[in-house]
Amino acid sequence: GRFIGGIGAVIYRKSDGRYLLLQRSPNKDYAQSIWEPVTGRLEQGESFVDALYREVMEEIGIAVQPMFILGTTHFYRGAAQPENELIGVVFLCQPIEDDLIQISTEHTRFIWVNAAEAFALLTDPTPPTQWARRIIQRAEQVRQYASPQLLACLNQDGFELG
């Protein structure tokens, strides 16, 4: 079969208010050298949550704690054909140990940026870059408008996904 589901993981470091962005390898078949958060496809029979943990581990080598589900998304690449499209879930996560990041060969480097720096970097008009910009905007809005009680709870432990 083909892949039909995907995940996005926006990694946010509470200690300094920065987001992790990864630069795709110039050797990739699509969206070469763009900046993006962790993204990936579900494997057959895999849940969105299992894919989140697996993809983060594969792409950056660390464990994360989900804080929010930022929403659903429509991933696509190339021509508007069913085989180029995925429906996915985007998570806002915090790293458990961010000093251990080891990027995979999918990416050439990573940076931690605040929202303003992310918006200054994510200006390319291509759909993948504009998608990354929108989900960081959404993460900022969620963090800004969530109730103080909810944020206090999340700042302690995040949430458990089963």
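About the cut-offs
Residues numbered from 1 in each chain as written. Predicted model: local features only at pLDDT ≥ 70, side-chain atom pairs only at ≥ 80, totals over all residues. Heavy atoms only, no water. Core = buried A, V, L, I, M, F, W, Y, C linked by side-chain atoms within 4.5 Å. Buried < 20%, exposed > 50% of the residue type's maximum accessible area, 1.4 Å probe, protein only. Helix = DSSP H or I, 4+ residues; strand = E, 2+ residues; numbered from the N terminus. Contact = heavy atoms within 4.5 Å. Expected span 1.5 Å × (residues − 1). Arc of directions from axis to C-beta. Salt bridge = Lys/Arg side-chain N within 4 Å of Asp/Glu carboxyl O. pLDDT = per-residue confidence, 0-100.

**Here's the deal with the nonpolar core**
In this structure, Val10, Tyr19, Leu21, Leu92 and Leu122 are the most contacted members of the largest nonpolar core, which totals 22 residues. Counting only elements with at least two residues in this core, the list comes to β1 (5-13), β2 (18-24), β5 (64-76), β6 (85-95), α2 (115-121) and α3 (127-145). The element best represented in this core is α3, accounting for 5 residues. When sequence neighbours within four positions are dropped, the list of residues in contact with leucine 21 reads Trp35, Glu36, Pro37, Arg109, Phe110, Ile111, Val113, Ala118, Leu121, Leu122 and Ile136. Counting 18 residues, the second largest nonpolar core, distinct from the first, contains Ile60, Phe91, Cys93 and Ile101.

**Quick word on α3**
For α3, which comprises 19 residues, the first-to-last C-alpha distance of 26 Å matches the rise-based estimate of 27 Å (1.5 Å per residue) to within 8%. By the burial criterion, the buried members of α3 are Pro128, Thr129, Trp131, Ala132, Ile135, Ile136 and Ala139. The buried residues of α3 occupy one face: seen down the axis, they fall within an arc of 160°. Residues of α3 that are exposed and angled more than 90 degrees away from the buried face: Gln144 and Tyr145.

**Here we look at the side chain of threonine 129**
For threonine 129, the position within the fold is in helix α3. Taking relative accessible area as the criterion, threonine 129 reaches 3% and is therefore assigned buried. In contact with threonine 129, not counting residues within four places along its chain, are Ile34, Leu122, Thr123 and Asp124.

**Focus on the pattern of salt bridges**
The full count for this structure, using the stated rule, is 9 salt bridges. Glutamate 46 serves as the salt-bridge partner of arginine 54, at 2.7 Å between the closest nitrogen and oxygen. We note that arginine 54, like glutamate 46, is buried. Of the charged contacts, one joins glutamate 55 and arginine 54 as a salt bridge, the two residues approaching to 3.0 Å between their closest N and O atoms. Each member of the pair, glutamate 55 together with arginine 54, is buried. Overlapping salt bridges bring together Glu43, Glu46, Arg54, Glu55 and Glu58 as one network.

**A closer look at the environment of threonine 72**
Relative to the elements of secondary structure, threonine 72 occurs in strand β5. Sequence separation between threonine 72 and valine 89 is 17 residues; the distance between their C-alpha atoms is 4.4 Å. Once you skip the residues sitting within four places of it in the chain, threonine 72 turns out to touch Gly88, Val89 and Arg138.

**Focus: helix α1 (residues 48-60)**
Side chains that are three or four residues apart share a direction in an α-helix, a result of its 3.6 residues per turn. Taking 1.5 Å of rise per residue, 13 residues should cover 18 Å, and α1 covers 18 Å from first to last C-alpha, within 8% of that figure. For α1, the complete set of buried residues consists of Val49, Ala51, Leu52, Arg54, Glu55, Val56, Glu59 and Ile60. Residues of α1 that are buried make contact with β1, β2, β4 (38-41), β5, β6 and β7 (107-113). Glycine 61 lies just past α1 and shows a positive phi near 70°.

**Description of the confidence of the model for the protein chain**
Overall, the predicted model of the protein chain reaches an average pLDDT of 86, with 88% of residues at or above 70. For the protein chain, helix α4 (residues 148-157) is the element with the lowest average pLDDT, namely 56, and α2 is the one with the highest, namely 97. Segment residues 157-162: pLDDT under 50, and 17 contacts once partners within four positions in sequence are set aside and those in other chains are kept.

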